[in-house]
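Remarks on the overall topology
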Amino acid sequence: MPLTARYSAAQQVALKAGELARDLFAKRDSLIVENKGAQNFVSRADRAIEDFIASKLAAAFPGDAFLGEESAASFRGSPEHIWVVDPIDGTHNFLRGLRYYCVSIAYAEAGKTELGVVYDPEHDEMFHARRGDGAWRRHAGEQGRIAVSECATLKEALIAIGHHDRFPEPRHLALRHALMDAGVATRNLGSGALQLAHVAAGRLDGFVELSLNAWDALAGLLLVEEAGGYVSPFPGPEHWGEPAPVLGCARGIAGALQPLVGAW
Ligand code: IPD
Ligand code: CA
Ligand code: CA
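Cut-offs used in this document
Residues numbered from 1 in each chain as written. Chains lettered and ligands numbered in written order. Predicted model: local features only at pLDDT ≥ 70, side-chain atom pairs only at ≥ 80, totals over all residues. Heavy atoms only, no water. Donors = N, O, S within 2.8 Å, 3.2 Å for Na, K, Ca; no water. Helix = DSSP H or I, 4+ residues; strand = E, 2+ residues; numbered from the N terminus. Near = heavy atom within 4 Å. Polar contact = N/O pair within 3.5 Å; in protein donor to acceptor, adjacent residues only side chain to side chain. Nonpolar A, V, L, I, M, F, W, Y, C, P; charged D, E, K, R; others polar. Domains from an automatic or database assignment. Phe/Tyr/Trp six-rings, centres within 6.5 Å; stacked < 30°, edge-to-face > 60°. Buried < 20%, exposed > 50% of the residue type's maximum accessible area, 1.4 Å probe, protein only. Lys NZ or Arg CZ within 6 Å of the ring centre and 35° of its normal. Pairing = 2+ DSSP bridges. Contact = heavy atoms within 4.5 Å. Axes fitted to C-alpha atoms, helices over the stretch in contact; angles between N-to-C directions. Lys, Arg positive; Asp, Glu negative; His and termini not counted. Salt bridge = Lys/Arg side-chain N within 4 Å of Asp/Glu carboxyl O.

With respect to the coordination of the calcium ion (ligand 3)
Those donors, Glu69 (OE), Asp86 (OD), Asp86 (OD) and Ile88 (O), are the protein atoms that reach the calcium ion (ligand 3), and they lie 2.2 to 3.1 Å from it. All donors to the calcium ion (ligand 3) come from one chain, and their sequence spacing reads E-x16-D-x1-I. In this structure, the calcium ion (ligand 3) is positioned 3.6 Å from the calcium ion (ligand 2), and both are ligated by Asp86. In this pair, Glu69 is assigned in the loop between β3 (65–68) and β4 (81–89) and Asp86 in strand β4, connecting sequence segments 17 residues apart.

Some points on the site of ligand 1
Around ligand 1 sit 16 residues, and of these Asp89, Gly90, Thr91, Gly190 and Glu209 come closest. Within the contact set of ligand 1, an oxygen atom lies 2.7 Å away from a backbone nitrogen or oxygen of Gly90. Those elements giving two or more residues to the shell around ligand 1 turn out to be β4 and β12 (206–212). Taken together, the residues that form the shell around ligand 1 break down as 2 nonpolar, 8 polar and 6 charged. Taken together, domain 1 (3–146) and domain 2 (154–261) each give at least three residues to the shell around ligand 1, which thus spans both.

Remarks on the packing of aromatic side chains
One pass over the full model with this rule turns up 5 aromatic pairs. Between the aromatic rings of Phe61 and Trp83, the centroid separation amounts to 5.8 Å while the plane-to-plane angle is 35°, which identifies the pairing as tilted. With Phe61 in the loop between α2 (44–60) and β3 and Trp83 in strand β4, the pair connects residues that are 22 residues apart, well separated along the chain. Judged by centre distance (5.0 Å) and plane angle (85°), the ring pair of Phe94 and Tyr101 falls under edge-to-face. No difference in accessibility class separates Phe94 from Tyr101, as the two residues are buried. Aromatic rings pair up to connect Phe25, Phe94 and Tyr101 into one cluster. The residue whose ring lies beneath Arg28 is Phe25, and the NZ or CZ to ring-centre distance is 4.4 Å.

Notes on the sheet that holds strand β11 (residues 185–187)
Strand order across the open sheet formed by 5 strands is β11-β10-β12-β14-β13, with mixed pairing between neighbours. This sheet does not close on itself; its edge strands, each paired only once, are β11 and β13 (230–231). As defined by bridge partners, β13 adjoins strand β14 (residues 244–249) across 2 bridges and the pair is classed as antiparallel. Its bridge partner lying in β14, Val231 is registered against Gly248. Each of β10 (158–162), β12, β13 and β14 is contacted by helix α7 (residues 251–262), which is oriented at about 150° to β14, the strand it contacts most.

Brief notes about the side chain of Asp89
For Asp89, the location among the structural elements is in strand β4. Buried and unpaired, Asp89 has no salt bridge, with Arg166 as the nearest side chain of opposite charge at 7.6 Å. One polar contact links the side chain of Asp89 to the main-chain amide nitrogen of Gly192, over a distance of 2.9 Å.

Overview of the environment of Asp29
Along the chain, Asp29 turns up in the loop between α1 (3–26) and β1 (33–37). On the accessibility criterion, Asp29 (76% relative accessible area) is exposed. It is 16 Å that separates the C-alpha atoms of Asp29 and Ala48, two residues lying 19 residues apart in sequence.

Considerations on unusual backbone geometry
Although it is not a glycine, Ala110 adopts a positive phi angle of roughly 50°. Even without being a glycine, Asp165 presents a positive backbone phi close to 70°.

See the structure below:
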């Protein structure tokens, strides 16, 4: 099955999943919220959207494996042809009524991410990339190529630093401190995938998080790469069960940022 069919399906499925997320967002007060651990929530919305995405992709590409955040514990597939999905990235925002969350869908072959789609249903923004074909943003029927910012100095940079809030992390504080000392403006908007898409679109100059899973990171990292940015290497499929550090940024600040991040 050619990649082109998967690329178009990923965008269509992300769009429909995003519409479902927006509907459920409006009814979020009636969703039963479970606690997966400290500051780690899941609701019927996360599960329903993941089931929707998994069933659509399985119907279209029955031979492909599916690794989704909400079903990852029972994952048994092969990573040769695999979809890696976060149904809602930014669940805490979603449940609190903050409109900063997205659907993230990546597709990888033999450990290499080939497709990345991040859809922000609240602003109807579809960020998508196919390896070698650039990064794109579609909004209200209009589509255009996106590129990372031209930022070349940390003193002028706006960088998002993600943190999951599940346990205290001195290395996160050390990084914030180092960025502050370097004169960087920082944010944590609460969705790793969407923040990476916003790096790809040049709205943020960089994004760093010490501990992200493949379903949070792969689609957004491909967007940044295809938008001309720098991305740190993310571990291969044999490590997708464990979180890893993520850095994606404008090329002009990569050299200055890497030593600060490397100091973790
Ligand atoms: C989380 C978000 C958050 C990041 C966490 C992730 P979830 O994903 O991406 O920004 O800091 O590390 O786990 O729980 O909203 O899907
Ligand atoms: Ca996530
Ligand atoms: Ca999630």
